[in-house]
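Read off the chains here:
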Amino acid sequence: MRRRSFLTAAGLMGLSAVLAGCSPNQPQQVSRSLSFFNDAASWEPGYLRAGKALAARTGWSLDPQTIPNATSYEQVMRSLLETRNPPDLVKWGSGYRTQDLARTGTLATLDGAWKTSVANGWLDDALRREFTYDGHVYGLPLIQGFYVMFYNTALWAELELEPPTTWDEFMGVCETLKRAGVTPIGTTQVNIWPVANWFSMLAAAFDPDWYQAACTGEASFLDAAPRDMMKLWQEMIDRGYHTSSDALSDDFPAMLQQRRIGMQPTPVSWSTQSLELAGLSGDGGYDAFILPSVHGQGLSVVTEVAGLVVPAGSTRLDAAREAMSNWLAPEVQQPWSDFLNGSSANQEVPWSDPVSRRIQKQVRDEQVRVLNRYWENSPPPLVVGTTQDLGGFMASPTDPRGVLESLQRRAETEWSYWREVTS
Amino acid sequence: MTATTTRRGPGRQDLPRQPARRTRLASHPGRAPAPLTTRIAFLAPAAVLVMVLSLAPFVMTVWRSFFDDSLVDPHFNGWGSYARIITDPVIVRSLVNTFFWLIGTVAIPVGLGLAIAALTNSVSWGKYARLAIVMPYALSGTAVAVIWNFILRDDGALNGLLEGLGLGSLAHAWLLEWPANTIMLIVANSWQATGVAVILYLVGLQGVPRETIEAAALDGVAGVRRFFYIVFPQLRATTAVVMGISLANGLKSFDLIWVLTNGGPGRATETLAVSMYWQSFVLQRPGSGAAIAVILTVVVVAVSVGYLRRQLRTS
C-alpha cells in the first residue's frame, strides 16, 4: 500500500471512529438495573442486596458504580448531571448540598416518592427540610447516623476509664490516655471533610445554639462562643490530645484496635463495620458515647443524613422515581440496614449493631438535641472554605483569632452570594 | 566565527534566496510544487484542531473571566473577578508558591541532572546509579505523591528514620508548615523529574567530541575546570531543553500537590493550577476560576516567551 493510500485510509478510519463517538446514543439493550453512582466502594454488597429487594418490588435493581474520593466524586457528578446521559440515581449530601444542586435545575423532583413514603409510615416527615428546595423535594434519605466517640473497651478497662458524662470527665479521660502514651482523639485535616466532623461535634458540645445559628448565617464567628471554643480546641491540640493533622482517617479504626489512639469521633452505625474489619469485635470489643456538653446544658448529637437524588436528565426517570417510591419499604431497607449494622432512616427497621441501637435509643428516649453535620449545614462553598481554614488551624494552631476573622469574612461574602442566587 | 561558517556552509549567506530554493527543489526532480489549495487543505485539519481545542477555549475562558460566579445566567462583572483574586491572600500565596515551584523545578533538575550525568558517565557502576535515578521518571505523579506521603507524614518514614538515628530533634511536621511543605513538595517533584534531566544530559555528553576533551587534556586542563570550561559550554542546547521542560513542569504542577496535600493545610501549598481547580470545580466559581486561568496563562506565556527569546537570541 502506498504511503498516501495508507494515510488516507487511516485518516478515514479515525474520522469515522470520532463521528461514531459523537453520534447520538445508539439503541441499547434494555437493562433492568438503574445506574447508581456513589462514593463508598465498600458498600457495594449492601447496594446490591438492597437492589435485589428493590427489584422484587419494582423490577428495577441497582447497578452501583463508585468513585471513592469524595472531592473527585462531587466534580464528576456535577459534570455528569450536565450531560444528556447522566446516571439514574446519585448518592448525595442532604441540606444545603441538595439545595446547591437543585438550584442548578439538574435534579428531578421527588415529591410523589416522599409523599408515598410518609403515607406508608416509612419516613419521618421532619426530614423533609433536608431535601427541600423552592418548595419541592429532591431526594430521599440513603443513610442516617449519629456522630459519637468510639473507644476500645479492652484499653479503657486496662486504664480503668469509664465513658465520661461531663466535659471535665472527658478531659480527664484524654489526660489519662495521654499519660499512658496513647493519643486520645483521632482527627485529621486530610481530605478536608473530616475537619467538618470534629468541628461539628465540638461546636455542638460547646454551644449548640451558637452552632445552629452560625450554620444558618445568623450568628458570627467572632462571637464569644466561637472565641472560647477555639481556645479550648487550641489547648487540646497543644496538650497533644489530637493525632497529627496529616493522619489518615482511614487508618483510625486500625489505630484504635492497636491502641495508638484512644477515641475515634465517627458515626454510628456504619463506622462499626470498619471497626469490625480492623479486628475489634462488635460484641464488646468497642463501645461509644455521645460527647458530653462543655457547659453542662444537655446532650447534643451531630447527625449525618446522606440522600439519593435523581438527575433530571435520567433516561429512565419514571423507573428511578418508582424505585425511590419503594426505597424506604422495610423489605428493601432491612438488607441495606443489616449490611451497615444500621443507618436506615426508616425508624421501623431495627439497627442490628447493639452499640448503634443503644445510641439510637438514647437519642430518642433522652430527647438528645440532634444537629446536622456542618458539611451539609451551610452553603457548600462556605463549608469548604471554613473547613480549609480550620484544617490550617489544626496544622498550626497559633492564631485562633485570625482564623475566626477569616471565617467571618468568608461567611459574610458567601451568605450574601447564597441569598442572592437562591432568592 | 569559523565554527558558525562551517555549520552553515560556505558562502550560503551570499546566495540569493531564489537560487537557494531551486537547489532544494532540485533534489526532487520532476515534482512540481503543490498548489496553494492543496497546501491549505493539508494545513487545515491541524489549524482547525488547534483553533477548536486550544484557541477557542482560551478565548471563552478570557470572556468568562469578565462575568461573575453565577452558574446560571452570569452577569458581566468587568475586572471584578481579577480584583477579588489579586487581593485574596490565598491566591497571592498561591502565586508565591508558583514562583517557588518555578525556581525549584528548574534549579534542582538542571543542577542534579547535570551532576549525576557527569559523575556517572564515565564510571563502570554508573549505569546502576543512573537506573536508580531514572526509574522514578516512569512513575505517575499520583504514585509519587503516595510514596512521598509515606515518607513525609508526621508518623512517616523520614521522621522514623531521624528518630531511629537518634536525631529526633530534627523530626518535623514536613507537610504542615509553610513554606517547608511547599519546599518538600518541590523536592518530591524533583525526585521524579531529575530522571529525564539525567537522560538528556547523558545524550548531550555523548555528543561532546572527544577531540575537544583530548585537546584540553593535552593543554593540561583537567577535572572540574575541564568540565566547566570545555564540556559544559557544549551542553548548552541540552541545558536549554532541560530548562524548557522544567519550566513547563513547574508551572503546570498539579497532580503531585493535589494527591499529597489537596493544596492544604489551609490552602498553604496551592499553586495557581491548584487554585484554578479549586475555584472552578470544588467551589463552583467559574468566573474566579477563569480569571486565575488567565493569570496563569499570562505567567506561563511571559516566562516561556522570555526564556525562548533569550535562547533564540543567544544561539
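A. Inspection of the pairing of strand 2 (residues 61–66) of chain A at higher detail. Inspection of the sheet shows strand 1 (residues 33–38) of chain A paired to strand 2 of chain A by 6 bridges, in the parallel sense. Note on strand 2 of chain A: the bridge partner recorded for Phe36(A) is Pro64(A).

B. Just the interface of chain A and chain B, in detail. With 23 residues of chain A in contact, the opposing surface of chain B contributes 23 residues. Both faces combined, the contact of chain A with chain B buries some 2,100 Å², and carbon together with sulfur accounts for 52% of it. Sorting the residues of chain A by area buried against chain B places Gln75(A), Asp246(A) and Gln388(A) first, and these three jointly supply 26% of that buried surface. Between the two partners, chain A and chain B, sit 3 salt bridges. One salt bridge in this structure joins Asp155(B) and Arg260(A), with 3.7 Å as the shortest N-O distance.

C. Main features of the pattern of salt bridges. Within this structure, the stated rule accounts for 25 salt bridges over all chains. Of the charged contacts in the structure, one is a salt bridge between Glu405(A) and Arg401(A), with a shortest N-O distance of 3.2 Å. Here the residue Glu405(A) and the residue Arg401(A) both occupy positions in helix 17 (residues 400–422), the gap between them amounting to 4 residues, near one helical turn. One salt bridge in this structure joins Glu414(A) and Arg285(B), with 2.1 Å as the shortest N-O distance. Note that Glu414(A) is positioned in helix 17 and Arg285(B) in the loop between helix 14 (272–282) and helix 15 (286–314), a pairing that runs across two chains. Taken as a pair, Glu414(A) and Arg285(B) share a single burial class, namely buried.

D. Representation of the environment of Tyr241(A). Residue and element names in this part refer to chain A. For tyrosine 241, the position within the fold is in the loop between helix 10 (224–238) and helix 11 (252–257). Distance in space between the C-alpha atoms of tyrosine 241 and glutamate 175 is 7.8 Å, their sequence separation being 66 residues. In this view, tyrosine 241 contacts Met171, Cys174, Glu175, Lys178, Thr183, Pro184, Ile185 and Met236; residues no more than four positions away in its chain are not counted. There is a polar contact of 2.3 Å between the side chain of tyrosine 241 and the side chain of glutamate 175. A distance of 3.1 Å separates polar atoms of two side chains, one belonging to tyrosine 241 and the other to arginine 239.

E. Broad picture of the packing of helix 16 (residues 380–395) of chain A against helix 17 of chain A. All names here are of chain A. Their axes nearest at 9 Å, the elements helix 16 and helix 17 cross at an angle of 170°. As far as their axial angle goes, helix 17 and helix 16 are roughly antiparallel. From helix 16, Pro380, Pro381, Leu382, Gly385, Thr386, Asp389, Leu390 and Phe393 reach across to helix 17, where they touch Pro400, Val403, Ser406, Leu407, Arg410, Ala411, Glu414, Trp415 and Trp418. The residue makeup of the contact of helix 16 with helix 17, split by class, is 11 nonpolar, 3 polar and 3 charged.

Calculation criteria
- Residues numbered from 1 in each chain as written.
- Chains lettered and ligands numbered in written order.
- Predicted model: local features only at pLDDT ≥ 70, side-chain atom pairs only at ≥ 80, totals over all residues.
- Heavy atoms only, no water.
- Pairing = 2+ DSSP bridges.
- Helix = DSSP H or I, 4+ residues; strand = E, 2+ residues; numbered from the N terminus.
- Contact = heavy atoms within 4.5 Å.
- Buried area = accessible area lost by both parts, 1.4 Å probe.
- Salt bridge = Lys/Arg side-chain N within 4 Å of Asp/Glu carboxyl O.
- Buried < 20%, exposed > 50% of the residue type's maximum accessible area, 1.4 Å probe, protein only.
- Polar contact = N/O pair within 3.5 Å; in protein donor to acceptor, adjacent residues only side chain to side chain.
- Axes fitted to C-alpha atoms, helices over the stretch in contact; angles between N-to-C directions.
- Parallel < 35°, antiparallel > 145°, perpendicular 65-115°, else oblique.
- Nonpolar A, V, L, I, M, F, W, Y, C, P; charged D, E, K, R; others polar.

Interpretation note: all reported values are geometric properties and have no functional meaning in isolation.
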